[in-house]
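Chain and residue survey
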Amino acid sequence: MTNAPTATPPIIEFPKSWTRRHLLDLESLDADEITTILDTAQQLKTLTNDCKSKLPLLVGKTCANLFFENSTRTRNSFSLAAKRLGADTVEFSSSGSSVAKGETFVDTAKTIEAMGVDWVVTRHSTPGTPHLLSRELKCSVLNAGDGPHDHPTQGLLDMLTIRQHRGSIKGLTVALVGDIAHSRTARSNIWGLSKLGANVIICGPPTLVSPRWAELGFEVAHHLDDILPRCDVLNLLRIQFERQKARPFPSVHEYAALYAMNGERMRKAKDDILIMAPGPINRGVEITPEVADGPHSVILEQVNNGIAVRMAALWLLAGANQTN
Ligand code: ASP
């Protein structure tokens, strides 16, 4: 017997291959980087008892949420993710701020950064704003949605949810259904899922699906009923009326008749189909209550996984800042 002290193993090992300081989109990440975030999120979810308890990995650091658009899930789960790992948070909303006095977006962000923050999480209606901030600020920048462009943590939490149910994403047929043209969730999922080997189907009215997707090699469908029996996962996207300049279909009733996931369509789907939605859901438009609240729906699991993925992103970016 020896009384020599034994070294405490680290609670979680930092992945040596991780070097990114910002999380701006999924298009620029490779499959290994996406897998690293998902693996880290899964570990952190387990270590925090399903994202409910605290793990002091980021004590002394501060996360600023700079939101220039509405948010329920993303803003609150970024805050909770930071707090679960022991960091402090600063909550900024454009309404009631000096933006109303004419301050620019970059000046506002630099002002918040000067208060000593380690990450700026930003949501803005203009595509590319997080990319701009990543050049202007010294701290890490995370994109929480830039207009219709990208929403990387949404794509990641969707993939984490699929992986938890199916073990792997490779080979699955995943359809993104609805307002592809205005959905940043669609774009994040399209890039992320295809990099991990899923067969991605892009489905919606011709007015809401650019023909470019087919030119890029993706399967495009305009009738949900044609593809439904083949799908392992459906991700039902909200019609983003707030981003549309012209009405893309005659009526919500007609949209729902062609694209809403309802009880009748569920009977034509695979027995183990996963029903997902990024939220907020519009009941009766893209999904009926019996499907949203039914046994195939993983919508609230997606919400919980949002905390896991955001904990992983904050921790990985902070680690890259220390090693770079
Ligand atoms: N919450 C998601 C987003 O911010 C989806 C949506 O708004 O429909 O993009």
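In this text, all values refer to a predicted model and were calculated from it rather than measured experimentally. (Residues numbered from 1 in each chain as written. Predicted model: local features only at pLDDT ≥ 70, side-chain atom pairs only at ≥ 80, totals over all residues. Heavy atoms only, no water.)

With that settled, consider the pairing of strand β5 (residues 173-177). Counted residue by residue, β5 has five buried out of five residues, so it is predominantly covered. Alternating positions in β5 separate into two faces, Thr173, Ala175 and Val177 on one and Val174 and Leu176 on the other, with burial throughout. Two elements, β5 and strand β6 (residues 199-203), share five bridges in a ladder whose sense is parallel. Bridge pairing in β6 places Val174 opposite Val200. Taken together, β5, helix α6 (residues 184-195) and β6 form a β-α-β motif whose crossover is right-handed. Looking at chain direction, β5 and strand β8 (residues 233-236) are connected through four bridges and run parallel. Residue pairing across strands places Val174 opposite Val233, the latter belonging to β8. (Buried < 20%, exposed > 50% of the residue type's maximum accessible area, 1.4 Å probe, protein only. Helix = DSSP H or I, 4+ residues; strand = E, 2+ residues; numbered from the N terminus. Pairing = 2+ DSSP bridges. Right-handed = clockwise from strand over helix to strand, strands pointing away.)

If you check the shell around the ligand, you find Arg123, His151, Arg184, Thr185, Arg238, Gln240, Gly279 and Pro280 and nothing else. Arg123 places a side-chain nitrogen or oxygen 3.1 Å from an oxygen atom of the ligand. Take Gly279: an N or O atom from its main chain is 2.8 Å from a nitrogen atom of the ligand. A total of 260 Å² of accessible area belongs to the ligand in isolation, and the protein chains cover 92% of it. When each cavity is represented as a set of grid points, the ligand is found to reside in the largest pocket. (Near = heavy atom within 4 Å. Polar contact = N/O pair within 3.5 Å; in protein donor to acceptor, adjacent residues only side chain to side chain. Areas by Shrake-Rupley, 256 points an atom, 1.4 Å probe, with all protein chains shown as cover. 1 Å grid on protein atoms, 1.4 Å probe; cavity = no way out; pocket = protein on both sides within 12 Å on 5 of 7 lines; lining within 4 Å. Sits in = over half its atoms within 2 Å of the grid points.)

What follows concerns helix α2 (residues 73-84). In a regular helix each residue adds 1.5 Å, so 12 residues correspond to 16 Å; α2 covers 16 Å between its end C-alpha atoms and thus fits that length. All buried positions along α2 are accounted for by Thr74, Arg75, Ser77, Phe78, Ser79, Ala81, Ala82 and Arg84. Positioned one or two residues after α2, Gly86 has a phi angle of 90°, which is positive. (Expected span 1.5 Å × (residues − 1).)

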